[in-house]
Amino acid sequence: MADLSSSDMEKIQLEHQAAKLFMRAYERETGREIRHLWHNQPVRPDVSCMLEGSKLDIEVAHLYGSEEEAMNILRRPLSEETRAALEEQSREQNTNHRLLSALNRILAQKATKSYKSQRVWLLIRNAHPQWNAHTIRHLRRHICVPRHHPFEQIWILGDFEGKSGIVRLDTEA
């Protein structure tokens, strides 16, 4: 990993931190053991771990409320595509509509990907301070999980620190 830029290292740290927070919340909420986190190369999902003794890959995405918020968290410039999406999103005054728009965009984008993995989950870490697991559960019926996607399960870490819990999106529960 010595050849990685500081922005690549920061991205890896954010993904690792998100996965670690998710793993703790998942164990707490389900009672299933999930351990031993390691990072992967780009052709594979972001991180891997062991879920009750079986390998599980996790693709990590972050959900931001605005360009400024994303830049404050990432501490680096954003890609043009990300900037444009966040700029469009910021025009929406209703924060719940903004959440749905951003989340549905991430889900649609990730659904088109393919991964070299036998078993991969998607983890979306919410970074917006006005949204949490309760908000996401409340808006769940408006979240558009694509019918076809490469993920065995799709989860949201309700807030940046993982304090509000996790929400599974790929079920009707």
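Look above for the structure.
Below is a summary of the structure that appears in this document.

Calculation criteria
- Residue numbers here run from 1 along each chain, matching the order of that chain's written sequence.
- Predicted model: local features are reported for residues with pLDDT of at least 70 only, side-chain atom pairs are reported and counted for 80 or more only, and whole-chain, interface and lining totals are derived from all residues.
- Side-chain figures throughout are based on the complete set of non-hydrogen atoms in the structure, without hydrogens or water.
- The helix count covers DSSP runs of H or I at least four residues long, the strand count covers runs of E at least two residues long, and both are numbered beginning at the N terminus.
- Each residue gets one of three labels from its accessible area relative to the maximum for its type: buried under 20%, exposed over 50%, partly exposed in between, using a 1.4 Å probe on protein chains only.
- By definition, two strands form a pair when at least two bridges between them are found by DSSP.
- Fitted lines through C-alpha atoms serve as axes, helices being fitted only where they are in contact, and the angles separating the N-to-C directions of these axes extend from 0 to 180 degrees.

So, about unusual backbone geometry. Glycine aside, negative phi is the norm for most residues, and most peptide bonds take the trans geometry. In the Ramachandran plot, His36 falls in the positive-phi region, its phi being about 55° despite a non-glycine side chain. Positionally, His36 belongs in strand E1 (residues 34-39). In this structure His36 comes out as exposed when scored by relative accessible area, which is 58%. Positive phi values are uncommon outside glycine, yet Glu52 reaches one of about 50°.

What follows concerns the sheet that holds strand E2 (residues 47-51). Taken together, the six strands give an open sheet; going across it, the order is E1-E2-E3-E4-E5-E6, and neighbouring strands pair in mixed fashion. For this open sheet the edge positions go to E1 and strand E6 (166-168), each flanked by a neighbour on one side alone. On average, each strand axis in the sheet is tilted by 30° relative to the strand beside it, whichever way the strands run. As judged from the five bridges shared by strand E4 (residues 120-126) and strand E5 (residues 153-157), these two strands associate in the parallel manner.

The buried fraction of strand E3 (residues 54-63) amounts to eight of the 10 residues, a majority that puts the element mostly inside the structure. One ladder, built from five bridges, connects E2 with E3; its direction is antiparallel. Looking across to E3, one finds that Val47 is bridged to Ile58. Between the antiparallel neighbours E2 and E3 lie two residues, among them Glu52 with a positive phi of about 50°. Both E3 and E4 contribute to a ladder of seven bridges, which runs parallel. Counterpart to Asp57 in the pairing with E4 is Val120.

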